[in-house]
Amino acid sequence: MELDTVIAVPFVDLRAQYQSLEAEVLEAIRDALESMELLLGPNVHAFEQEFADYCGVRHAIGVANGTDALYLALRACGVGPGDEVITVSHTFIATVEAIVNVGAIPVFVDVDPDTYTMDPSKIEAAITPRTRAILPVHLYGQPADMDAILPIAHRHGLAVIEDACQAHGATIRGRRVGSFGDAAAFSFYMGKNLGAYGDAGAVTTNSQALAECVRRLRDHGSVRKYEHVEMGVNSRLDEIQAAVLRVKLKYLDDWNARRRAHAEAYARVLSELPVVLPTVRPGVEHVWHLYVIQVDERDRVREVLARRGVSTGIHYPIPVHLQKAAKGVGRLAGDLAVTEQVARRILSLPMFPEMSGVQVAYVADCLRRVVAQEVSTVVQ
Ligand SMILES: *Cc1c(COP(=O)(O)O)cnc(C)c1O
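Note that the structure is a prediction, hence the values are computed from the model and not measured.

Asker: Residues and numbers for the state of the cysteines, please.
Answerer: Simply put, the disulfide is a covalent bond whose two ends are the sulfur atoms of two cysteines. Counted according to the given criterion, the structure contains zero disulfides. You can see Cys213 has no disulfide; the closest cysteine sulfur is in Cys77, sitting 8.7 Å from it. Assessed through its relative accessible area of 11%, Cys213 is described here as buried.

Here it is as structure tokens:
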């Protein structure tokens, strides 16, 4: 490959996916509009059943977004003011916002340095008489270590709520995320592995009681029109987004398989380089929402890649406990040395199903040249 050949590689390409689905999506949206049933109608009901079946759970409840899904799952599990919820700081802020917004206290534990998910060996020391729940995050598409987390929760009588917003379809020994905890939260934000055309989310659970509670809470705490048994919120999934999600759900496994193939291609080319590649825990099927490496001089590498046309991301540059918004919020259970260390070194490479083999190879080749200091002098 010529050194001066620049190929534009976006971080994600929503348009490419849209173009592959355009006719089907437009027809689904037109049908939804023609029915003029725009909220909690046939598409939401059908999608809830289809997504529950996909996850292997009894209930899925469509809500307005993933942040609300976390909030509603916490509330349905009885988490409220003064309760402590053990979670991670190495996540998107919404995980922690949901805890704070139910009035509870986030208690941060460190992540495992290989998988970036909650380090189960840190949980017991974080438990107090006020602990009510554990909220692990299936980060980047990799399930958290539920085999270790669930027995601890059971021993201490704690609820488990999965943040599955980045891991639609990921499995542990063949069982899908969203089915391990008391409840789980999914986001269908546009760029997620399953994304609507706008905001959308869902709560999954095997519990009839929790499902009924989330259904009530998402619609102003009502059981029947204008009959309100508790103060809820307005967080309904709308029919147009549900219609889009029903079209897209059929392709999710295929898209995840393509992401996996890209991850394998990256790993083949990058394994010789002085970068830390993602680790997949045994027995797990990773769905590669993000392909995250660690590299020295991350910001320089990122800058040079950008000049070569390669868009990258950092997920996330500032751990939640160090955010201004988190000042005076929550408590650290031990130090968060891994969380703070990886935040300085992580780099997310382009990853989306529609990437071409040429694009994957180009990104890998650019990275190889950058870490070998080959291109920094060549590119202006
Ligand atoms: C996207 C995301 C959320 C929030 O979902 P929204 O639909 O954007 O509200 C929560 N947690 C994690 C880990 C996420 O990636």
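That was the structure; now back to the text.
Asker: Can you explain the sheet that holds strand β7 (residues 175-176)? Please cite residues and give values.
Answerer: Reading across the sheet, the three strands line up as β7-β6-β12 and stay open at both edges, with antiparallel pairing between neighbours. The open sheet has two edge strands with one neighbour each: β7 and β12 (284-285). Direction of pairing for strand β6 (residues 171-172) relative to β12: antiparallel, over a ladder of two bridges. Bridge pairing in β12 links Ile172 to Val284.

Asker: Account for the site of the ligand, naming residues and giving values.
Answerer: Of all residues adjacent to the ligand, which total 14 residues, the nearest are Gly66, Thr67, Asp163, Ser187 and Lys192. Gly66 places a polar main-chain atom, nitrogen or oxygen, 2.7 Å from an oxygen atom of the ligand. Within the side chain of Thr67, an N or O atom sits 2.5 Å from an oxygen atom of the ligand. Protein coverage of the free-state accessible area of the ligand, which is 380 Å², stands at 93%. Spatially, the ligand is embedded in the largest pocket. Secondary structure elements with two or more residues in the shell around the ligand: α3 (66-76) and α4 (94-101). Per-element tally for the shell around the ligand: the top contributor is α3, with three residues. Looking at side-chain class alone, the shell around the ligand contains five nonpolar, seven polar and two charged residues.

Asker: So what about the UniProt feature "modified residue: N6-(pyridoxal phosphate)lysine" (unreviewed entry) in the protein? Which residues, and what values?
Answerer: The positions that UniProt labels "modified residue: N6-(pyridoxal phosphate)lysine" (unreviewed entry) are, in the present scheme, Lys192. Along the chain, Lys192 turns up in the loop between β8 (183-187) and β9 (201-205). You can call Lys192 buried: its relative accessible area is 17%.

Asker: Account for the side chain of Asp110, with residues named and values stated.
Answerer: Summarising the element assignment, Asp110 is placed in the loop between β3 (105-109) and β4 (131-134). Despite being buried, Asp110 has no salt bridge partner; Lys122 is the closest side chain of opposite charge, sitting 4.6 Å away. A polar atom in the side chain of Asp110 sits 3.1 Å from the backbone nitrogen of Ala337. Polar side-chain contacts of Asp110 include one of 2.7 Å to the side chain of Thr339. Among residues more than four places away in sequence, those in contact with Asp110 are Met118, Asp119, Lys122, Asp335, Leu336, Ala337, Val338 and Thr339.

Asker: Give a detailed account of the pairing of strand β13 (residues 291-294), specifying residues and quantitative values.
Answerer: Residues Tyr291 and Ile293 line one face of β13 and the alternating positions Val292 and Gln294 line the opposite face, and both faces are buried. Two strands pair when backbone bridges link them, and β13 and strand β15 (residues 346-349) are joined in this way by four bridges, in the antiparallel orientation. Within β15, the residue paired with Ile293 across the bridge is Leu347.

Asker: Give a detailed account of the layout of surface pockets, specifying residues and quantitative values.
Answerer: Its volume calculated, the largest pocket comes out at about 470 Å³. Lining the largest pocket are 26 residues, with Phe92, Gln166, Tyr189, Lys192 and Tyr316 sitting closest to its centre. Mapped by element, the contributors of at least two residues to the lining of the largest pocket are α3 and α4. Per-element tally for the lining of the largest pocket: the top contributor is α3, with three residues. Partitioning the lining of the largest pocket into residue classes produces 12 nonpolar, 10 polar and four charged.

Criteria and cut-off values
Residues numbered from 1 in each chain as written. Predicted model: local features only at pLDDT ≥ 70, side-chain atom pairs only at ≥ 80, totals over all residues. Heavy atoms only, no water. Disulfide = S-S within 2.5 Å. Buried < 20%, exposed > 50% of the residue type's maximum accessible area, 1.4 Å probe, protein only. Pairing = 2+ DSSP bridges. Helix = DSSP H or I, 4+ residues; strand = E, 2+ residues; numbered from the N terminus. Near = heavy atom within 4 Å. Polar contact = N/O pair within 3.5 Å; in protein donor to acceptor, adjacent residues only side chain to side chain. Areas by Shrake-Rupley, 256 points an atom, 1.4 Å probe, with all protein chains shown as cover. 1 Å grid on protein atoms, 1.4 Å probe; cavity = no way out; pocket = protein on both sides within 12 Å on 5 of 7 lines; lining within 4 Å. Sits in = over half its atoms within 2 Å of the grid points. Nonpolar A, V, L, I, M, F, W, Y, C, P; charged D, E, K, R; others polar. UniProt positions renumbered as here; feature names shortened; annotations may be inferred. Lys, Arg positive; Asp, Glu negative; His and termini not counted. Salt bridge = Lys/Arg side-chain N within 4 Å of Asp/Glu carboxyl O. Contact = heavy atoms within 4.5 Å. Points joined across faces, edges and corners; volume = space filled by probe spheres on them.

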